[in-house]
Number of protein chains: 2
Amino acid sequence: MTEPDSLLSEIRFDARGLVPAIAQQHDSGEVLMMAWMNADSIRATLAEGRACYWSRSRGALWRKGETSGHVQRLVELRLDCDGDTLLLLVEQSGPACHTGRRSCFYRAMRDGALATIAEPVAGGS
Amino acid sequence: MTEPDSLLSEIRFDARGLVPAIAQQHDSGEVLMMAWMNADSIRATLAEGRACYWSRSRGALWRKGETSGHVQRLVELRLDCDGDTLLLLVEQSGPACHTGRRSCFYRAMRDGALATIAEPVAGGS
């Protein structure tokens, strides 16, 4: 069995053929974003050593950072107990979020309201 | 606007009325699990200060740790840029995973195959 197949056979894709994937900065532990993968994007991620998602809005493979340069180099790919969620440990170049923030999770409930807790970072990696 | 409503109005629930929620140990950064929430479970989580999910298999609220004692005390609730994923920073009592492991993400691709990288922990918190 090839490398991707040994993983793909353990994944429980949803009815759309997708599985949620959490991207986490491998050394700091910061959760950067959550996106979706299908079998093809998982094969591409393993083959290329960089996160490649499935864009639900565009209906196409989404090589993270292909236009922005904010690539996520794959450090390790993990699978949860019931096989329906992936965790990607990555080395994130620059911001993960399209708003220019390091993480997409920049809003937090504080004092009973949603507060912005991070600002866009300057420049690249 | 009440506390839950100020959050709920920013969340983009899917067609089932659900949103994925990532649970992360607040101090170590370890990603523990991913589960689903609906509006009621979010209200319960905020009101009770502990993670309460929506069990898709049982079609009912799932107060994490209600039977096992392995409660997730809520430290902070965050929302991502496009409002379709939650990140819960929690204080996890004991294991998060039903297998007895601290995290559900205990399988990793290593040397081209899925390897088990964590064992069940002994006892409680």
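A. Up close: the sheet that holds strand E1 (residues 19-25) of chain B. Across the sheet, 6 strands lie side by side as E8(A)-E7(A)-E5(B)-E6(B)-E1(B)-E2(B); this open sheet has mixed pairing. The open sheet is flanked by strand E8 (113-116) of chain A together with strand E2 (31-37) of chain B, the only strands paired with a single partner. Recorded for the sheet is a direction-independent mean angle of 35° between the axes of neighbouring strands.

B. Fine view of helix H2 (residues 39-48) of chain A. Those residues of H2(A) lying buried are Ser41(A), Ile42(A), Ala44(A), Thr45(A) and Leu46(A). Two residues or fewer past H2(A), Gly49(A) is found with a positive phi of approximately 70°.

C. A look at the pairing of E1(B). Residue and element names in this part refer to chain B. Burial analysis of E1 places 7 of its 7 residues in the buried class, the great majority of the element. Of the two faces of E1, both are covered, the one formed by Val-19, Ala-21, Ala-23 and Gln-25 as well as the one formed by Pro-20, Ile-22 and Gln-24. Two strands pair when backbone bridges link them, and E1 and strand E6 (residues 86-92) are joined in this way by 5 bridges, in the parallel orientation. If you follow Ala-21 over to E6, its bridge partner there is Leu-86.

D. Here's a closer look at the relation of the copies chain A and chain B. Once chain A is rotated about the relating axis by 180° and shifted along it by 0.0 Å, it coincides with chain B to within an RMSD of 0.0 Å. In short, the pair behaves as if placed about a two-fold rotation axis. Judged by C-alpha distance, Gly29(A) is the residue of chain A that lies nearest the rotation axis, at 2.4 Å. Take the interface residues of chain A: 100% of them recur as interface residues in chain B, which is what a same-surface contact looks like.

Criteria and thresholds
Residues numbered from 1 in each chain as written. Chains lettered and ligands numbered in written order. Predicted model: local features only at pLDDT ≥ 70, side-chain atom pairs only at ≥ 80, totals over all residues. Heavy atoms only, no water. Pairing = 2+ DSSP bridges. Helix = DSSP H or I, 4+ residues; strand = E, 2+ residues; numbered from the N terminus. Axes fitted to C-alpha atoms, helices over the stretch in contact; angles between N-to-C directions. Buried < 20%, exposed > 50% of the residue type's maximum accessible area, 1.4 Å probe, protein only. Least-squares fit on C-alpha atoms with pLDDT ≥ 70 in both. Contact = heavy atoms within 4.5 Å.

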